[in-house]
Amino acid sequence: AGAVIDGQNGGFIGINGPDGPANKPGTTILGGVFQHFGNAGAPIWVSPLIVRRNGVVKGTEFKDNFNAGLAIQGSNARVSHVNTHHNGRYGLAVTQPCDGCPGPVGVIVEDSEIAYNNTRQLSTGDDAGGTKFSGGTDGMIVRGNEVHDNYGSGLWWDGFNRNAQVYGNVIR
């Protein structure tokens, strides 16, 4: 399973990797468990991991975090074989890195399990649940995922997202 990275409910980001160079992998996380990041006093964007341009996350578990289990803010990021569950607001969020910045392009989320999120039972009309894709993503691919038992929407896209491909997912 790899290392356990425990945020001890602190109001900080676990790993905020830099953008990867063009056409080369960025920060790469292969395995391990990220848990217990964030608290009621922390900013909403606190997450155990923020994936930037060309970042890769594979075979990793994200659980019991106050807000999002995993945040993606970079273009061409790839997330596969991840299990993100029992997080307070979202299992996974994809958004732009700053207000006014363009949204990520070419993000892939595949072959992962997104389950039992929004443990805080926040308003589902306000987007809490399995995922949130916002900030003008373009060309995002969401495929082969098992999305289930989230309190709220399993897959949620805000407006201004373009050219998404969504296929081969099991959502219940």
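If you're wondering where the values come from, they're calculated on a predicted model, not measured in any experiment.

Caption draft 1: Structural detail: the nonpolar core. Counting 22 residues, the largest nonpolar core has Val57, Ile72 and Leu92 as its most contacted members. Of all the elements in the fold, those that place two or more residues in this core are β4 (33-37), β5 (49-51), β8 (68-72) and β11 (90-94). Discounting residues that sit within four places of it in the chain, Val57 has contacts with Ile29, Leu49, Val51, Phe62, Arg78, Val79, Ser80 and Val82.

Caption draft 2: Highlighting the sheet that holds strand β17 (residues 165-167). Pairing is parallel in the open sheet, where six strands are placed in the order β3-β6-β9-β12-β15-β17. If you trace the sheet from one side to the other, it starts and ends with β3 (28-30) and β17, each paired once. Along the sheet, successive strands turn relative to each other by an average axial angle of 5 degrees, direction set aside. Note that strand β12 (residues 108-110) and strand β15 (residues 141-143) share three bridges and pair parallel. The partner of Ile108 across the bridge, within β15, is Ile141.

Caption draft 3: View of the pattern of salt bridges. Considering all chains together, one arrives at seven salt bridges under this definition. Between Glu110 and Arg78 there is a salt bridge whose closest N-O contact spans 2.6 Å. Taken together, the positions of Glu110 in strand β12 and Arg78 in strand β9 (residues 78-80) put the pair 32 residues apart, joining distant regions of the chain. Each of Arg89, Asp127, Lys132 and Asp158 takes part in one network of salt bridges that share partners.

Caption draft 4: Molecular detail of the packing of aromatic side chains. The final tally for this structure, using the stated rule, is three aromatic pairs. Between the aromatic rings of Phe12 and Phe37, the centroid separation amounts to 5.7 Å while the plane-to-plane angle is 80 degrees, which identifies the pairing as edge-to-face. With Phe12 in the loop between β1 (4-10) and β2 (15-16) and Phe37 in strand β4, this residue pair connects regions lying 25 residues apart in the sequence. In this structure Phe12 comes out as partly exposed when scored by relative accessible area, which is 41%. With relative accessibility at 2%, the residue Phe37 sits in the buried group. Considering the side-chain rings of Phe34 and Phe62, the 5.2 Å spacing of their centres and the 20 degrees angle between planes classify their relative orientation as stacked. In this pair, Phe34 is assigned in strand β4 and Phe62 in strand β7 (residues 61-63), connecting sequence segments 28 residues apart. Across the pair, exposure class does not vary: Phe34 and Phe62 are buried alike.

What counts and what doesn't
- Residues numbered from 1 in each chain as written.
- Predicted model: local features only at pLDDT ≥ 70, side-chain atom pairs only at ≥ 80, totals over all residues.
- Heavy atoms only, no water.
- Core = buried A, V, L, I, M, F, W, Y, C linked by side-chain atoms within 4.5 Å.
- Buried < 20%, exposed > 50% of the residue type's maximum accessible area, 1.4 Å probe, protein only.
- Helix = DSSP H or I, 4+ residues; strand = E, 2+ residues; numbered from the N terminus.
- Contact = heavy atoms within 4.5 Å.
- Pairing = 2+ DSSP bridges.
- Axes fitted to C-alpha atoms, helices over the stretch in contact; angles between N-to-C directions.
- Salt bridge = Lys/Arg side-chain N within 4 Å of Asp/Glu carboxyl O.
- Phe/Tyr/Trp six-rings, centres within 6.5 Å; stacked < 30°, edge-to-face > 60°.

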